[in-house]
Amino acid sequence: METSVETDDASPIPSSASLILVATPIGNLGDISPRACAALAEASAVLCEDTRVTSKLLARHSISATMLALHDHNEESEAPRLVARLLAGEKLALVSDAGTPLVSDPGYRLVRAAIAAGVPVSAIPGPNAAVMALTLSGLPPHPFMFHGFLPPKAVARAAEISRIAGMEAAGLSATLIFYESPHRTGEALAALAKGLGADRPAAVARELTKRFEEVRRGTLAELAALYSEQEPRGEVVLCVGPAPPPAAPTGVALDEALRAAMARLSLRDAAATVAEATGLPRKRVYARALELAAEE
Ligand code: SAM
């Protein structure tokens, strides 16, 4: 007997209904889990970006499945039809051309629509170029900020990088991850060096899981120089190490921080708080706090 779950409007959803997001390889076709293969084989349809790409994967694993194209251009219009199929009890699998669906790939609008309709959504995890690049970069793995692609045009890209620089000035300290096309890698690295600092440690991860997999590490300036001369072959991920901690305030800036703290705390507590926040020696901050108190 088929069980069902109740939605908010009390119409039952067959328990068989589910949307399952299936991660697929990012290069090496062997990188797919048995559970992922089973989900693709069981689905009433596999929603994919490009049926030619997915059919190769399915053939390699002897999976026969009905494929339906779902990409940026038809996702909005197709979502209601697909949700209706899910509500009727179908199991649909969603893949992208490579890696984890939704990560710089289509699927977000369908997932939102399925969640809103009360359809169970699940995922079979697997390859993802951003996380693999991060783990190989030698840069601090967390916190990290995955940005996806920077704008392709120079002016918009510079504006986006300066927005990130603004977040860093406000305290963001995370390893940054970008997807980039090989022919823009040199200019993107140069723009990052200009906007975030030429000395920032960085890594370029190329052709992950493939025959010519490579990770180059260096400063943004070094990597920009390298890839401006020679365009990388294949797919790349750029990782940039976290912004350095802001320099400890001295002089006027230290006095301002101390005055602000002394306005709400005892002199001793104000000095301790400012020393803690700035990393400056407690004794030195306390001595300056005493001088400021005497002046006022
Ligand atoms: N959904 C995918 C994922 O989970 O990684 C990413 C899809 S996005 C459209 C494609 C971009 O991911 C490429 O331009 C490149 O920046 C990165 N990428 C994908 N496969 C890669 C690989 N094997 N090596 C390096 N970068 C890769």
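Residues numbered from 1 in each chain as written. Predicted model: local features only at pLDDT ≥ 70, side-chain atom pairs only at ≥ 80, totals over all residues. Heavy atoms only, no water.

A.B. asks: Describe in detail the domain arrangement of the chain, supporting the description with residues and values.
C.D. replies: Each domain of the chain was delimited in the assignment, giving domain 1 (4–127), domain 2 (130–240) and domain 3 (252–295). Placing a centre on the C-alpha atoms of domain 2 and another on those of domain 3 gives a separation of 39 Å. (Domains from an automatic or database assignment.)

A.B. asks: If you had to explain the sheet that holds strand 9 (residues 175–180) to someone new, which residues and values would you point to?
C.D. replies: Strand order in the open sheet formed by five strands is 8-9-12-10-11, with mixed pairing between adjacent strands. Two strands lie at the open edges of the sheet, namely strand 8 (144–149) and strand 11 (214–219), each paired on one side alone. Neighbour-to-neighbour, the strand axes of the sheet open up by a mean angle of 15°, direction not taken into account. Here strand 8 pairs with strand 9 via five bridges, running parallel. When the bridges of strand 9 are listed, F144 appears paired with T175. Contacts from helix 7 (residues 185–196) reach strand 9, strand 10 (201–206) and strand 12 (236–240), with the element oriented near 10° to strand 12. (Pairing = 2+ DSSP bridges. Helix = DSSP H or I, 4+ residues; strand = E, 2+ residues; numbered from the N terminus. Axes fitted to C-alpha atoms, helices over the stretch in contact; angles between N-to-C directions. Contact = heavy atoms within 4.5 Å.)

A.B. asks: Outline the pairing of strand 9, supporting the account with residue identities and numerical values.
C.D. replies: Of all six residues in strand 9, six are buried, a share of seventy percent or more. Of the two faces of strand 9, the one lined by T175, I177 and Y179 and the one lined by L176, F178 and E180 are each fully buried. Judged from the five bridges that link them, strand 9 and strand 12 form a sheet pairing that is antiparallel. Each bridged residue has a counterpart across the sheet, and for E180 the counterpart in strand 12 is V236. (Buried < 20%, exposed > 50% of the residue type's maximum accessible area, 1.4 Å probe, protein only.)

A.B. asks: Hey, could you go over the packing of helix 10 (residues 267–278) against helix 11 (residues 282–295) for me, with residue numbers and the actual values?
C.D. replies: Put simply, helix 10 and helix 11 touch, their axes get as near as 9 Å, and they point 135° apart. Overall, the two elements helix 10 and helix 11 adopt an arrangement that is oblique. Pair helix 10 / helix 11 crosses with right-handed handedness. Contacts from L267, R268, A271, A272, V274 and A275 of helix 10 reach helix 11 at R282, V285, Y286, A289, L290 and A293. Residue composition of the contact of helix 10 with helix 11, by class: 10 nonpolar, no polar and two charged. (Parallel < 35°, antiparallel > 145°, perpendicular 65-115°, else oblique. Left-handed = near helix turned anticlockwise from the far one by under 90°. Nonpolar A, V, L, I, M, F, W, Y, C, P; charged D, E, K, R; others polar.)

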